[in-house]
Amino acid sequence: MISQRCEYGKETIKLRHQRKLEKSSNSKHDERIQRKWVANISNRQLNKNEIALLRKGMNFSVTPKQIPSKEILASIESAIDHLPRDSQDEIRSEVYCALKNAKPPAKENLTLDEKQALKDLQNDDSILILKADKGNCTVVMNTTDYENKVYEMFDDQNTYQLITDKRRNLTKRVESDLQKKLLDLKKKGNLSEAEYKKLRPYDSTPAAFYGLTKIHKVELKQDKDHLVLPDNSAAAHIPLRAINSSIGAPTYAVAKHLASLLKHLKEEKEYSVKNANEFSNFIQSQQLADDEIIVSFDVTSLFTSIPVDMALDIVKRKLKETNNWKSHTNLTQDQLVGLLAYVLNNSYFTFKGKHYHQISGCTMGSQVSAVIAELLLQEIEKKAIESSPVKPKWWRRYMDDVNTCLKKQDIETFHNQINSIDRHIQFTIEMPSLGERGATISFLDASCTALPNGSIEVAVHRKVIHTNKYLAFDSHSPAQHKRAVVETLMSRQTIHHQPNKGRLLKRRGSGKTFKLTGTYTTVYQEQL
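On a predicted model such as this, the values are computed, not experimentally measured, just so you know. (Residues numbered from 1 in each chain as written. Predicted model: local features only at pLDDT ≥ 70, side-chain atom pairs only at ≥ 80, totals over all residues. Heavy atoms only, no water.)

Draft legend 1. Just the pairing of strand β12 (residues 394-398), in detail. Of all 5 residues making up β12, 4 are buried, and the element is well covered by its neighbours. For β12 and strand β13 (residues 401-407), the ladder comprises 5 bridges, and the chain directions are antiparallel. Residue Y398 lies in a different strand from β13, and its bridge partner there is D401. The turn linking β12 back onto β13 is made up of 2 residues, and M399 within it adopts a positive phi angle of 55°. (Buried < 20%, exposed > 50% of the residue type's maximum accessible area, 1.4 Å probe, protein only. Helix = DSSP H or I, 4+ residues; strand = E, 2+ residues; numbered from the N terminus. Pairing = 2+ DSSP bridges.)

The structure is reproduced here in structure tokens:
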């Protein structure tokens, strides 16, 4: 009897949430949001089927017609190469049984019209379909506009160099050099057999260059069902974020290994935060005086601005100052620095069949670059704060974004001081916007408002370019990825403690988001 009542109560609650979600969905509001999901900055006119397809997003996975057994087996072999022979055989046996019993999905997740739209877009060489740098928007761009933008970047001869000697096979040369270096380290006993197999490059491919469109830098206008340029000349003003995809490149495995070792050099100081939860807990405990203000600092083009020589000097010094890293490797200090120097000085990549060399800075796309950037910024902020005649009340940084509190009359003095530490690393400053409740500034996904009584209110922050677009529920993706979408959004609301009304409104907003992105409502109700 009790169990029946519990079941009845659960069903009643589910039905109540279902009705609330249905009421919260407004078709005009939904369409207004979905217009932001596709931006057409090309000359091609997109039809409704192409728009519907592109709205699914760049992370949408189409159901396969057959199980890709060869691809799965190839990736498994690559992953287990460094394991003992018995473990390899056991994994192969389990994978074989799983593939033998696997069947492709019975239901496809694209309509016939969407399949035709996919073919039409694939066959049009005049356009490229790209992901926006921010906001999870799908961008359709003219191929010529995209290539012109990339070649404009390559015109900077202080950063990029075209390799004109066609006889030089740079990928093979770097692969061969690295194999020799790793073999020598193994013979000396500094690398184990397993580490050597894991790091040794083979059948390498050159790193690939691509750019992400920064459509948030221009003001787009809304067409009937997507975003478009206000005029044809605006396309020339849309910059790209340069990315070097080094997956499969000769230095990829070594760079990844070095990142795992060098992260132990990072200092866990009060100047940095690990995540939004840590920042939210900190900022809500602070109190502002009448003459204080919260501002934001940001580094200009961080990765490409890092001088390689400076990066190596900082790593050398950090390796001498601490012993934490020694328990994670048998490599010596000189060997670590030597491998790092080789990786940073051999940043080769291809674009349109031509080879280029990034001769300045660290590449965006290499895992070791993020660790180098963190070590460099720790050095700069420490020097700036210790040497500055004015001190910030707090300084909290996540990568190259900083939230800090200064006296209003000290902002310019401290800004000039931190920019004087190194001419390559320059910070820009953002002031808070004034609203009805007080001065508001964002950091990570938190919106911080300084109230008249000096306390700081934190809420979930959504940028203007935010599209409410997440992984489509009908995508052929693992179920845990879809559950993670709901769990992450619900967790975000819990982290940023809001007044009850604000939290309720955000929760209702999440319900609308899940309806827009597919049938997430069942999972959402379970979380509620």
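Draft legend 2. Main features of the packing of helix α15 (residues 367-387) against helix α16 (residues 411-419). Axis separation between α15 and α16 bottoms out at 9 Å; the angle between their running directions is 135°. Of the possible angle classes, the one that applies to α15 and α16 is oblique. When you trace α15 past α16, the crossing you get is right-handed. Across from I380, A384, I385 and S387 in α15, the residues of α16 making contact are F414, Q417 and I418. Residue composition of the contact of α15 with α16, grouped by class: 5 nonpolar, 2 polar and no charged. (Axes fitted to C-alpha atoms, helices over the stretch in contact; angles between N-to-C directions. Parallel < 35°, antiparallel > 145°, perpendicular 65-115°, else oblique. Left-handed = near helix turned anticlockwise from the far one by under 90°. Contact = heavy atoms within 4.5 Å. Nonpolar A, V, L, I, M, F, W, Y, C, P; charged D, E, K, R; others polar.)

Draft legend 3. Structural view of the environment of H226. With respect to the secondary-structure elements, H226 resides in the loop between β6 (221-222) and β7 (227-228). Linking H226 and N40, residues 186 residues apart in sequence, is a C-alpha distance of 7.2 Å. Beyond its immediate stretch of four places on either side in the chain, H226 contacts R35, V38, N40, I51 and K221. Within the local environment of H226, its side chain forms a polar contact with the side chain of D225, the two groups lying 2.7 Å apart. (Polar contact = N/O pair within 3.5 Å; in protein donor to acceptor, adjacent residues only side chain to side chain.)

Draft legend 4. Geometry of the pattern of salt bridges. One pass over the structure, following the stated rule, counts 19 salt bridges. For R44, the salt bridge identified is with E50, shortest N-O distance 2.4 Å. By the burial criterion, R44 is buried, and E50 matches it. The salt bridge involving D291 is made with K407; its shortest N-O contact spans 3.1 Å. Pair noted here: D291 is in the loop between α11 (276-283) and β9 (292-299) and K407 is in strand β13, with a separation of 116 residues, a long-range link. Through salt bridges with shared partners, one network takes in R44, E50 and D124. (Salt bridge = Lys/Arg side-chain N within 4 Å of Asp/Glu carboxyl O.)

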